[in-house]
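# Commentary on secondary and tertiary structure
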Amino acid sequence: MWADIETALRSFTWFDPSSDVAATLEHWFARLSDADPAAAAAMQRAALSEEGDIWRAAAASTFVRDTACQEPQVIESVLTWQLGEVLFERDSLEERIAEHGAELGLRRFRRQFALRTAWLDLAGRAPLSHVLESLSAFADAAIEVAVGTAQDRLKSRYGVLRDADGAPIHLRVLCMGKLGGRELNFSSDIDIIFIFRSDGQSDGRRCLQAEEYCLRQARLVIDILDRRTEYGRVFRVDTRLRPFGSAGPLAISTDALEVYLQRHGRDWERYAFVKARLPGESLSGPVVEWMDDCLMRFVYRAYLDFSVLSSLRDMQSKIEQEAASRDAAMDLKRGPGGIREIEFIVQSWQLIRGGKALALRTPSLYAALDGIAALDCVTEDEAAKLRAAYDYLRILENRLQALADRQTHHLPTDPLEQRALCLAMNAPDWTELIDTLDTHREHVTAAFRGLVFAGNPDTDHEPDSTDWLSADTQATAARLAEYDLPAPPLLANSIHSFAQRVNRQPLTTEVKRRVRLAIEGVVGRLGAFSPPAIVLERALALIEAVCRRSAYLTLLNEQPAAFDRLLRLLSSSQFVADQILEQPMLLDELLDARLFSEPKDVNEMRTELTQGQAETGAGDAELRTAELVRFVRTTQFRIAVADVSGLLPIMRVSDRLSDVATLVLEQTLELAWTELAERHGRPGGMPTEGTGFAIIGYGKLGGLEMGYGSDLDIVFLHDLPDGETTGDAPLDHSVFVMRLARRIVHLLSVQTGHGSLYEVDMRLRPSGRSGLLVSSVAAFERYQQKDAWTWEHQALVRARPVAGDPTVMQAFDRIRRSTLADSVNRETLRVSVADMRRRMRQELSRSGPNEFDLKQDPGGIADLEFLVQYLVLAHAQQVPDLLDWTDNIRQLESLAANGIVLATTATSLQEAYTTLRAATHALALDSARPIVSNQKFQDVRRLVSHQWQQWLGAH
C-alpha cells in the first residue's frame, strides 16, 4: 500500500522520497493502518486522487499524525469537508457531553475538533477567518458548559445565588484578548475575567455570600477547563487581566470593577478592555447594560483621545526592553512588525476615535480595521497591507502552534522544525518563508512608527527651549527673537500674561508639559502668519480654554498637520476662533485633511445626520438632541472653514446653512412626533403615513439666507380633524398638536453639553405672541386673507414649508399663493411698506456719525429686501410666477423675466445685494458689527436708494 502512496506523492513538489518527510509519513501510515485500516485506506485513496495537501499537512504536524491515530474516525470528515461547512458543531459537542459528562466530553470533543481544524488549516482548505471564528465559538461553548456545570455542583450544596429581590445572580465571563475578538489561536490560552452583577446570598441549607459563591464557581470553571488529564485539557485559562492581577479577587462584582477602573484603571487596561466581550449572541440584562455603559465609558472618551499615543510609546518601550533579552526577530507576536504592533495600531485608533465613531467599538480587529480605514485614519493602501500582514502572521502563528499543539510564537531554529513549518506554509524553503514574512513586517513597522510618532518624533520630549510658563518677559522675548518674529517684546508680554493666568490653575506636571509643548508649537509656526500677534492671542486663548481638558492639547502636539490647520483658521477668522473656544470638540475636525475642501451637500449631510441619530439609538430623546447639536456645530464649522477659505460664495454659504436648519427641523419633528405617538397614540382618522402637521420657515430660513447665528422664524400648521389620538392615554387633537409644537420648541432650544440647537422666534404666527402656538390650516387661511397686516404679507413673501406632512405643506403653498395674489391691499401697499421701513430704520439702526449700518441705513440690505417684497406684492395678482421663489436673488430674476424691472437693473440689484451681504458676512466672521465707514459702498447705496425712490418715494 505504501508503495502506491509514495508513487502518487512523488508528483508533488514538497515530497522528496529520499528525505525524512517520506520516512515520517511511511512510519505514520503504518501506525494508522494498525489503529484503523479503514482510515488508512481512506488516506490511500486521498493520495491516489491527488489530494496531496492532506498528506502535506500530516507531514508537517506531529499533532496531526499522533492524534489521527487516536481519533481515526475524524479522517473521513477531513477528507469530505467542503468550503462553507461549519467546523464547530454545537450538536456534536452536546452529544459528547451527554455521553461522557462535561469534563471528559469537552476533552474528547476538543481533541477531535482540534484535529480536524488543524488538518484543514494546514492543508490550506479552511480560510483563516473560518478557523479563528470556529476556535472562538468552541471556546465560548466550552465556557458556557463549564459555568453551567459548576453552578449545578454548587446548587446541590448551597442552593441558588439570589439578590435582595430574589432574582438569580449568574456568574458571567468577560472574554478578553483574541477570544474577545473571536480570533482565537489554535493553541492559545483563553483570557477571561469572572464578574457578577450584585451582592446577594445563596438560598440553600448552607448559605454563601455572593463573593464566596462566585469565587468557588470560578475555581470550578477553571478546573473543568484547565485541569490536565490523559485526554489533555480543554483550554489553558489566564485570569491575570482581572483587577490587581493575580493579587485581586478571582471573581468581582460589576460595581467593584467599575470603581477599580475609575480609580485605578491604567492605560494598558483600556487597550485590553477594547477586546472585552460577553460570550453568546443574544445576551441581555443588567450585565450587558453595564458593559454598554460603565465599561465603554472607561475604554472610550467623548473626545478624540490622542493621549493614548503617549501610553502606546511607553508600552512599546517596555516590550522592546523585554525583547532585547531574546531574539525579537523570531517572535511573531512581540517582535518588530509583529502581531502586537498591528493590534496596537488598530486599538490605538479605536481608543482615539471610538468615543464618537461607534463603529469602532468592536472587539474584532478585522471590523475595527475596516472602520479606521473608512474614517481615513489609515489610507486604503495601508489598511490593505495591514490586513494582508495580519492574515499572514496569524496563519503562520496558527500553523506553528498546530505542528505540535504547543503555545508558542517563536519561529523554530531547529532545521527539522523549520522544514516542518515550510511544509505547513507550503513554502519551498526557509529563506523564502522569511523573505515573505519580512516584507509584511516592514509594512507593519512603517505604519506602527508612523502612528507612534505621529509625524513628530520629539513630541514625547520636553522642547529644548525657554520654559514658557516660568520665564520672565525678557527671556521670552530673547527666545522669540530667535524665530525672527516682529515685535518680540509685544509677543512676550502676551505669553507672560497667559502664563500668569495658567499658573494660577491647579494643573498637573504632565498638563503643564503639554501646555509648554503647545506654546512651542504655536511659536514655531507664527512666522507664517501676519500679523502674528493676533494669531498668538487667539491661540493662547484656546490653549487656556482647553488646558483643563488637556487631551485636546495632546491632539495638537501629536498631530502637526492638525496644528497647522488650526493656526490657519485662527488667522483667518475671529468667528471661527470663537466657535472653537466655545466648542473644543471642533478640534476633532482638524484631523481631516479634507477640511479645506467644499463641505457636503444636503444629501450627504442628511446621510451623516441619519447615521448619527441611528448610532445614538431611538430610546433617549436628550441623547439624540445632543447628537443633533453636535451635527449642527460641526457642520456649521465646516461651512465656515470653506467660507473663510474662499471655497463657497455667500449665497451658497446661506444655502448650506439653510439646509442644515431644514434637516434639523425634519429630525426634531420626527423625534417629538415619535415620543408623543408612543405615549398617546396617533391622531385618529389620519392616513398611516401622514402626521397632519408641518413647520413653515419664515425670514432668513424661508428665504434661504441663513447666517451662522441666525435664529429660526417658524410657524406650525396642522390639518387634523376633530377627535382624539388612538393610544391608551388619548389626547384631543388640539392638545396633541399643542404639545407637539411645545416639544419641538423645547428640543430646539434646550441646553445640552454642546449648547442648544437654535434660538426660536414664533412671533410671525397669526396674531403674534397672543395667537395660538399652532394654527389649523383653515384658521391660518382665514387670518391671512382677512386679518393679516401688510407687513405679515411681506413676511409671507419669504415663507416656505420646510418639514412635515406633504399634504399640509402643499396646503400652505396654496394659501400663500392665493393670499399674495388676491388678499393684499394694493391701494395702501406703497405707503404701508414705506412707513414700516421708516419705523424699522429709526428703531434698529446702530450707526453713529460718519458710519453706515449695512443692514438698516438707507441704501442698505433691508431697503433692498423691502423693495423686492413690495414689487412682488404689487404685481403678484397679474404675474403669479413671481411667487415661485422665496429668496431675493431669484425673485429679482423673476421680476426681470416678467418685465417689471429692467434686466440690467435686476442684475445690478443682485450684485448690490450680494456685495452688502458679503460685507456683512465678512464682518460677522471677524466677530464685528455690520457697521462700516460712511465712505464705503457709495455706488451700491446710490443704486438702492435710487430704486427705492423710483418705486416707493423719498426715504
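First, a word on what this report is: a plain description of the structure on this page. Note that the coordinates shown come from a computational prediction; the quantities given were computed from them, not determined experimentally. (Residues numbered from 1 in each chain as written. Predicted model: local features only at pLDDT ≥ 70, side-chain atom pairs only at ≥ 80, totals over all residues. Heavy atoms only, no water.)

Another point: the pattern of salt bridges. A complete count under the given rule lists 53 salt bridges for this structure. With its nearest N and O atoms 2.2 Å apart, the salt bridge here joins Arg652 to Glu598. Of this pair, Arg652 sits in helix H30 (residues 650–680) while Glu598 sits in the loop between helix H27 (574–582) and helix H28 (602–616), placing them 54 residues apart in sequence. For Arg652, a relative accessible area of 33% corresponds to the partly exposed category. (Salt bridge = Lys/Arg side-chain N within 4 Å of Asp/Glu carboxyl O. Helix = DSSP H or I, 4+ residues; strand = E, 2+ residues; numbered from the N terminus. Buried < 20%, exposed > 50% of the residue type's maximum accessible area, 1.4 Å probe, protein only.)

Relative to the helices and strands, Ser894 resides in helix H38 (residues 888–897). The contact partners of Ser894, leaving out residues within four places of it in the chain, are Asp881 and Leu882. (Contact = heavy atoms within 4.5 Å.)

The next subject is helix H24 (residues 532–546). When the terminal C-alpha atoms of H24 are compared, their 21 Å separation across 15 residues agrees well with the 21 Å that a helix rising 1.5 Å per residue should span. Along its buried surface, H24 packs onto helix H22 (488–503), helix H23 (509–525), helix H25 (551–558), helix H26 (560–572) and H27. (Expected span 1.5 Å × (residues − 1).)

Below, the discussion takes up the packing of helix H16 (residues 339–353) against helix H20 (residues 430–452). The geometry of H16 relative to H20 is characterised by a closest axis approach of 9 Å and an angle of 40° between their N-to-C directions. Pair H16 / H20 crosses with left-handed handedness. Residues Glu341, Ile342, Phe344, Ile345, Ser348 and Trp349 of H16 form the contact with H20, whose participating residues are Val444, Thr445, Ala447, Phe448 and Leu451. The residue makeup of the contact of H16 with H20, split by class, is 8 nonpolar, 2 polar and 1 charged. (Axes fitted to C-alpha atoms, helices over the stretch in contact; angles between N-to-C directions. Left-handed = near helix turned anticlockwise from the far one by under 90°. Nonpolar A, V, L, I, M, F, W, Y, C, P; charged D, E, K, R; others polar.)

With that settled, consider unusual backbone geometry. With an omega dihedral of -5°, the bond running from Ser530 to Pro531 counts as a cis peptide bond. In this model, Asp405 sits at a positive phi of 50°, which is unusual for a non-glycine residue. Turning to its location among the elements, Asp405 is positioned in the loop between helix H18 (380–402) and helix H19 (415–425). Among the residues examined, Asp405 registers a relative accessible area of 23% and is labelled partly exposed. Even without being a glycine, Phe937 presents a positive backbone phi close to 55°. Secondary-structure assignment places Phe937 in the loop between strand S13 (931–933) and helix H40 (938–952).

Further remarks concern the nonpolar core. Judged by nonpolar contacts, the single largest core of 165 residues is most densely connected at Leu25, Trp55 and Trp119. Ranked by the residues each element gives to this core, the list is headed by helix H9 (residues 128–158), at 15 residues. Sequence-distant contacts of Trp55, that is, excluding residues within four places in its chain, are made with Trp2, Ile5, Leu9, Trp14, Leu25, Trp28, Phe29, Met43, Gln44, Ala46 and Ala47. Core analysis: the next-biggest nonpolar cluster, separate from the first, contains 100 residues, Val522, Leu536, Leu676 and Leu712 among them. (Core = buried A, V, L, I, M, F, W, Y, C linked by side-chain atoms within 4.5 Å.)

Our focus in this paragraph is the packing of aromatic side chains. A full pass over the atoms with the stated rule returns 24 aromatic pairs. Between the aromatic rings of Phe29 and Trp55, the centroid separation amounts to 6.1 Å while the plane-to-plane angle is 40°, which identifies the pairing as tilted. In this pair, Phe29 is assigned in helix H2 (residues 20–35) and Trp55 in helix H4 (residues 52–60), connecting sequence segments 26 residues apart. When sorted by exposure, Phe29 lands in the same class as Trp55, which is buried. Cluster of aromatic residues (ring-pair linked, three or more members): Trp2, Trp28, Phe29, Trp55 and Trp119. Across the ring face of Phe186, the terminal group of Arg110 is positioned such that the distance to the ring centre comes to 6.0 Å. Over the ring of Phe866 we find Arg837; its NZ or CZ atom is 5.8 Å from the centre of that ring. (Phe/Tyr/Trp six-rings, centres within 6.5 Å; stacked < 30°, edge-to-face > 60°. Lys NZ or Arg CZ within 6 Å of the ring centre and 35° of its normal.)

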